[in-house]
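Here's the letter readout for the chains.
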Amino acid sequence: MDKTVYMKEALKEAYKAYQKGETPIGAVIVKDGEIIARAHNLTETIKDSTAHAEILAIREASGKIGGWRLISCELYVTMEPCMMCSGAIINSRIKKVVIGARHIKNSILEKQHSYMINYLGSNNIDVEFGVLEDRCSNMLRMFFKSLRNKRVDKNTNSIDGSVKNSIEDR
Ligand SMILES: [Zn+2]
């Protein structure tokens, strides 16, 4: 199936996170063309620094499969994984990671980006960037913009509309 179909499902998860006031990142895990797990970032909601979308999706997929080895599974995630999640991806034996947005750029994250690519690549994990990148980046950009605006005024309706556009076909 078209990769954008799965990334749209990951974006729907990201939007759930957005609605809870969480950084909007979503992930789905696909095995043999079927989505077996879906999750979104819940770090604030459950007060757990490890509750990233990728980790929660890996846990759900392992429960579904009845084992921790996610061989032949693919992970779709709306933003590139952090180092913790990259480690979990390697340990889970996921074979491919499809990524929407890159991290918002700064020099520290650029270093992390190169390290993550090498880390996953040297463990024979396929990494693909740029699937629905604009929509994934837009959701994150609008989220951070709404956080800044909330400090100034409460008028964030236009931002909410723009975030919602990210999960709808135009
Ligand atoms: Zn992470």
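It should be emphasised that the depicted structure is a prediction, and the values quoted were computed from it without experimental measurement.

**Student:** Tell me what's going on with unusual backbone geometry, and back it up with residues and numbers.
**Tutor:** A positive phi angle, close to 60°, is found at Asn124, a residue other than glycine. By the secondary structure assignment, Asn124 is in the loop between helix 4 (107-121) and strand 5 (126-128). Overall, the presence of 9 C-beta atoms within 10 Å leaves Asn124 in the exposed class. Despite not being glycine, Leu132 shows a phi value in the positive range, around 55°. Tracing the chain through its elements places Leu132 in the loop between strand 5 and helix 5 (133-152). Its 22 C-beta neighbours within 10 Å are what place Leu132 among the buried residues.

**Student:** Let's hear about the environment of Ile46: which residues, and what values?
**Tutor:** Secondary-structure assignment places Ile46 in the loop between strand 2 (34-40) and helix 2 (53-65). Distance from Ile46 to Ser122, taken between C-alpha atoms, is 33 Å for residues 76 residues apart in sequence.

**Student:** For the sheet that holds strand 5, give the residues involved together with the corresponding values.
**Tutor:** If you trace the five strands from one edge of the open sheet to the other, you get 2-1-3-4-5, paired in mixed fashion. A single partner strand is all that each edge strand has here, and the edge strands are strand 2 and strand 5. If you compare each strand with its neighbour and ignore which way they point, the axes differ by 15° on average. Where strand 3 (residues 73-79) lies against strand 4 (residues 96-101), five bridges are found, and the strand directions are parallel. Within the sheet, the bridge partner assigned to Tyr76 lies in strand 4 and is Val98. Relative to strand 2, helix 2 is tilted by about 140°, and along the sheet it contacts strand 1 (26-31), strand 2 and strand 3.

**Student:** Account for the nonpolar core, naming residues and giving values.
**Tutor:** One finds Ala57, Leu75, Tyr76 and Val77 to be the most contacted residues of the largest nonpolar core, which totals 45 residues. With eight residues, the single largest contributor to this core is helix 1 (residues 3-19). Other than its neighbours up to four places away in sequence, Ala57 contacts Ala27, Val28, Ile29, Ala37, Arg38, Ala39 and Leu75.

**Student:** Please give an account of the packing of helix 2 against helix 3 (residues 83-92) that cites residues and values.
**Tutor:** Look at helix 2 against helix 3: their axes get within 9 Å of each other, and the N-to-C directions meet at 20°. One element, helix 2, and the other, helix 3, form an angle in the roughly parallel class. Note on packing geometry: the crossing formed by helix 2 with helix 3 is left-handed. Touching Glu54, Ile55 and Ile58 of helix 2 are Cys85, Ala88, Ile89 and Ser92, all from helix 3.

**Student:** Mind laying out the pairing of strand 4, listing which residues take part and the relevant values?
**Tutor:** Among the six residues of strand 4, five are classified as buried, and the element is accordingly described as predominantly covered. As judged from the three bridges shared by strand 4 and strand 5, these two strands associate in the parallel manner. Along strand 5, the bridge assignment pairs Lys96 with Asp126.

The rules behind these values
Residues numbered from 1 in each chain as written. Predicted model: local features only at pLDDT ≥ 70, side-chain atom pairs only at ≥ 80, totals over all residues. Helix = DSSP H or I, 4+ residues; strand = E, 2+ residues; numbered from the N terminus. Buried ≥ 20, exposed ≤ 12 C-beta atoms within 10 Å, placed from the backbone. Pairing = 2+ DSSP bridges. Axes fitted to C-alpha atoms, helices over the stretch in contact; angles between N-to-C directions. Contact = placed C-beta atoms within 7 Å. Core = buried A, V, L, I, M, F, W, Y, C linked by C-beta atoms within 7 Å. Parallel < 35°, antiparallel > 145°, perpendicular 65-115°, else oblique. Left-handed = near helix turned anticlockwise from the far one by under 90°.

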